[in-house]
Amino acid sequence: MRLLLVEDDIALRDGLQQALTGQGFAVNAVSTGQQALAVARAGDCDTVILDLGLPDIDGLSVLKQLRQKWPRMPVLILTARDGIEDRIKGLDYGADDYLVKPFAAPELFARLRVIERRLGTASSHLIRCGEVELDSTSMQVSVADNTVSLSRREYVLLKELMESAGRIKTREQLEASLYSWGEEVASNALEVHISNLRKKLPTDFIRTVRGVGYSISRP
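Residues numbered from 1 in each chain as written. Predicted model: local features only at pLDDT ≥ 70, side-chain atom pairs only at ≥ 80, totals over all residues. Heavy atoms only, no water.

Focus on the overall build of the chain
A tally of helices and strands in the chain yields 8 helices and 12 strands. Over its C-alpha trace the chain gives a radius of gyration of 18 Å, about what one expects of a compact globule, namely 17 Å for 219 residues. Seen along its three principal axes, the alpha-carbon backbone of the chain occupies a region of about 55 × 35 × 30 Å. Every one of the 219 residues in the chain was classed for burial, and the buried ones make up 46%. Taking contacts inside the chain between residues at least 6 apart in sequence as the whole, the part at least 24 apart equals 59%. Carbon together with sulfur atoms contributes 48% to the accessible area of the chain, which is approximately 10700 Å² in total. The distance from the centre of the 28 positive side-chain charges to the centre of the 30 negative ones in the chain is 5 Å. (Helix = DSSP H or I, 4+ residues; strand = E, 2+ residues; numbered from the N terminus. Rg over C-alpha atoms; globule rule 2.2 N^0.38 Å. Buried < 20%, exposed > 50% of the residue type's maximum accessible area, 1.4 Å probe, protein only. Contact = heavy atoms within 4.5 Å. Areas by Shrake-Rupley, 256 points an atom, 1.4 Å probe, with all protein chains shown as cover. Lys, Arg positive; Asp, Glu negative; His and termini not counted. Charge placed at Lys NZ, Arg CZ, Asp CG, Glu CD.)

Some thoughts on the UniProt feature "modified residue: 4-aspartylphosphate" (unreviewed entry) in the chain
Using the residue numbers shown here, the UniProt feature "modified residue: 4-aspartylphosphate" (unreviewed entry) corresponds to Asp51. The topology assignment puts Asp51 in the loop between strand E3 (47–50) and helix H3 (59–69). On the basis of relative accessibility, which here comes to 5%, the residue Asp51 falls in the buried class. Contacts of Asp51, omitting those with residues within four sequence positions, involve Val6, Glu7, Asp8, Gly59, Leu78, Thr79 and Lys101. (UniProt positions renumbered as here; feature names shortened; annotations may be inferred.)

Points about H3
Of the residues making up H3, those classed as buried are Gly59, Leu60, Val62, Leu63, Leu66 and Arg67. Buried residues of H3, viewed axially, fall in a sector of 155°; they line one side. Elements that come into contact with the buried residues of H3 comprise helix H2 (33–42), E3, strand E4 (75–79) and helix H4 (84–92). N-cap assignment for H3: the residue whose side-chain oxygen lies 3.0 Å from the backbone N of Leu60 is Asp58. (Arc of directions from axis to C-beta. Polar contact = N/O pair within 3.5 Å; in protein donor to acceptor, adjacent residues only side chain to side chain.)

What about the pattern of salt bridges?
Evaluation of the coordinates by the stated rule reveals 15 salt bridges. The salt bridge partner of Glu7 is Lys101, with a shortest N-O separation of 2.7 Å. Taken together, the residues span a long stretch of sequence, with Glu7 in the loop between strand E1 (2–6) and helix H1 (10–22) and Lys101 in the loop between strand E5 (97–100) and helix H5 (105–119) at a distance of 94 residues. When sorted by exposure, Glu7 lands in the same class as Lys101, which is buried. The partner of Glu107 in a salt bridge is Arg111, and the shortest N-O contact between them spans 2.5 Å. Residue Glu107 and its partner Arg111 are both found in helix H5; the two are separated by 4 residues, about one turn of the helix. One network of salt bridges, with partners in common, ties together Glu7, Asp51 and Lys101. (Salt bridge = Lys/Arg side-chain N within 4 Å of Asp/Glu carboxyl O.)

Considering the layout of surface pockets
Its boundaries defined by the atoms lining it, the largest pocket holds a volume of some 330 Å³. Around the largest pocket sit 14 residues that line it, and Met1, Asp46, Leu119, Glu160 and Lys169 are the ones nearest its centre. Mapped by element, the contributors of at least two residues to the lining of the largest pocket are H5, helix H6 (152–163) and helix H7 (171–178). Per element, the largest residue contribution to the lining of the largest pocket is 3 residues, and it comes from H7. Of the residues contributing to the lining of the largest pocket, the split by class is 3 nonpolar, 4 polar and 7 charged. (1 Å grid on protein atoms, 1.4 Å probe; cavity = no way out; pocket = protein on both sides within 12 Å on 5 of 7 lines; lining within 4 Å. Points joined across faces, edges and corners; volume = space filled by probe spheres on them. Nonpolar A, V, L, I, M, F, W, Y, C, P; charged D, E, K, R; others polar.)

Examining the nonpolar core
Residues Leu158, Met162, Phe205 and Ile206 are the most contacted members of the largest nonpolar core, which totals 27 residues. Every element with two or more residues in this core is listed here: strand E6 (126–129), strand E7 (132–135), strand E8 (140–143), H6, H7 and helix H8 (189–200). Considering every element that reaches this core, the biggest residue donor is H6, with 6 residues. Those residues within four positions of Ile206 in sequence are excluded, and the remaining contacts are Leu161, Ile194, Leu197, Arg198, Leu201, Tyr214, Ser215 and Ile216. (Core = buried A, V, L, I, M, F, W, Y, C linked by side-chain atoms within 4.5 Å.)

Brief notes about the sheet that holds E8
If you walk across this open sheet you meet the 4 strands as E6-E7-E8-E9, and the pairing is antiparallel. The sheet is open, and its two edges are formed by E6 and strand E9 (146–148), each paired on a single side. Within this sheet the neighbouring strands show an average axis-to-axis angle of 25°, counted without direction. In the sheet, E7 pairs with E8 via 4 bridges, with the strands oriented antiparallel. Residue pairing in the sheet places Leu134 in a bridge with Val141 of E8. Sheet strands touched by H6: E6, E7 and E8. Its angle to E7, the strand with the most contacts, is close to 110°. (Pairing = 2+ DSSP bridges. Axes fitted to C-alpha atoms, helices over the stretch in contact; angles between N-to-C directions.)

Right, dumping it as structure tokens:
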């Protein structure tokens, strides 16, 4: 899942981006409301993590514009405004969730997993396709009950495919889930990750759709 993190506190933004990347998310981070709306217009995110105290536009105004133009895009408010009226206003404006600073990172991760399950095909933190099981809470993968060691990008790639079992994921969609803004991507990087995954998974588990992308059969 591609996250857009809108936070003007540089230290918090950098720390969150690093932590969320470590959880397997592709994270694009900006510091203003105008930048956030520009990213949304470009279609470069699946979910928005939105601070309300932004330097150019109030976060609630950003939320209102997001809701008007992209009514189904999940928005999680992450803010220091902890009053009950602030929470009610944020939720009434269309936020999917509201988390007050300071917060525990594991709680943020858990709330994002709920949003992720809603966007994908998985109904729980456990996704199973045949002999392969992926646990999004522990970030572990097992084949026939034997744990398999994956790199972060291999895990993200497998998770993206398993959540979309039965559907084709294009090269562009998979690369967007693996890399954030500004990262240089080698032309054969996706093929290398797919090749490494195939060595650790059952034969023909990942199917190549020539000229389009890759898919996993629905169990």
